[in-house]
Amino acid sequence: MIQVQNLTYTYPGGLKPAIEELSFKVNKGEILGMLGPSGAGKSTLQKCLFGLLQGYSGSIEFSGMIPGTALFREHIGVQFEFPNMYEAFTAVENLEFFGGFYSGEKRDIHTLLSDVGLEQDAGKKVGEFSKGMKIRLSFARAILHNPRVLFLDEPTSGLDPVYSDQLMSMIEREKKRGVTVLLTTHNMQVASRLADRLAFIVDGRLPLVDTPASLIHRYGEDRIRLELMKDGGCETLDFPLTDLGNNESFFAALRSGTPVSLHSQEATLDKVFAAVTGRTLNGRR
């Protein structure tokens, strides 16, 4: 669906590129998670992809679509991190207005508002909405016209856990419909739940693209940790995973006390990101 080759963009007056030599592809119906700290270049990349920023070098190719054209805009949906709605309009009026830009079939507005938990606020002016309500309305606007590609920038930012889970479920439903999703986030829970593959971005570069499971396995430790209640205290023991079924020391330990927990020592995505980039997601080295 999307092929990016050697993409580089420098803001006017900038001393160095905001993104540099980025190359990757996204398959139809895939969710690609762009993971990185603030200022890494995630939003700049998104804006280049959906045509808001011009003057880049390199190439961006979409299946049968040219970025920035009217046809292209017909088939993409965008949710910005900071929602931009007409605050003097109601929720319904906003969706009616933005829906008028698209010639294809649109979803039922009231059903869509119900899906994002705003059915009771359909007639309320958006200027009275909280940030979380605006984010949910912005997502509704992004999928109103049944786009083929969704660009989501920190889609759960500002949402409480209930609405965050609800919105992620809606994103998963869009994927099942065959929608291709490019998702930027610094939230590891969002990335690990939604993304088929993760692209790490730091300092405008793309050092790694891979599946979450592959990354966790590659950077994890080949051992398990056993916690036992023994002799009135808690004892922690580590054993290699290799040939664990024939490790008599492991079974002897199990018999020697009361097991409290048994965990494989897989890497978290936070640790993987730090190992690959030398940074944490808050930008610290």
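Residues numbered from 1 in each chain as written. Predicted model: local features only at pLDDT ≥ 70, side-chain atom pairs only at ≥ 80, totals over all residues. Heavy atoms only, no water.

## Focus on unusual backbone geometry
Next up, step 1: The residue N146 is not glycine, and still its phi comes out positive at about 55°.
Next up, step 2: Along the chain, N146 turns up in the loop between α5 (131-143) and β6 (149-153).
Next up, step 3: The phi dihedral of D203 is positive, around 55°, even though this residue is not glycine.
Next up, step 4: When its relative accessible area of 48% is taken as the criterion, D203 is described as partly exposed. (Helix = DSSP H or I, 4+ residues; strand = E, 2+ residues; numbered from the N terminus. Buried < 20%, exposed > 50% of the residue type's maximum accessible area, 1.4 Å probe, protein only.)

## Here we look at the environment of A122
Next up, step 1: Along the chain, the position of A122 falls in the loop between α4 (109-115) and α5.
Next up, step 2: When the C-alpha atoms of A122 and I109 are compared, they prove to be 9.2 Å apart, with 13 residues separating the residues in sequence.
Next up, step 3: In this view, A122 contacts T90, A91, V92, H110 and L113; residues no more than four positions away in its chain are not counted. (Contact = heavy atoms within 4.5 Å.)

## A look at the packing of aromatic side chains
Next up, step 1: A full pass over the atoms with the stated rule returns 14 aromatic pairs.
Next up, step 2: For the ring pair Y86 and F97, a centre distance of 5.2 Å and an interplane angle of 85° mean the geometry is edge-to-face. You can see Y86 sitting in the loop between β5 (76-79) and α3 (91-99) and its partner F97 sitting in helix α3, a full eleven residues away along the chain.
Next up, step 3: Aromatic pair F97 and F101: ring centres 5.3 Å apart, planes at 80°, arrangement edge-to-face.
Next up, step 4: Owing to a relative accessible area of 34%, F97 belongs among the partly exposed residues under this scheme.
Next up, step 5: Three or more aromatic residues link up through ring pairs in this structure, and these residues are F50, F62, F72, F80 and F151. (Phe/Tyr/Trp six-rings, centres within 6.5 Å; stacked < 30°, edge-to-face > 60°.)

## So, the pattern of salt bridges
Next up, step 1: Considering all chains together, one arrives at 13 salt bridges under this definition.
Next up, step 2: Between E87 and K134 there is a salt bridge, with its nearest N and O atoms 2.7 Å apart. Pair noted here: E87 is in the loop between β5 and α3 and K134 is in helix α5, with a separation of 47 residues, a long-range link.
Next up, step 3: A relative accessible area of 43% means that E87 is categorised as partly exposed.
Next up, step 4: Between D121 and K124 there is a salt bridge, with its nearest N and O atoms 3.1 Å apart.
Next up, step 5: When its relative accessible area of 15% is taken as the criterion, D121 is described as buried.
Next up, step 6: Each of R107, E174 and R177 takes part in one network of salt bridges that share partners. (Salt bridge = Lys/Arg side-chain N within 4 Å of Asp/Glu carboxyl O.)

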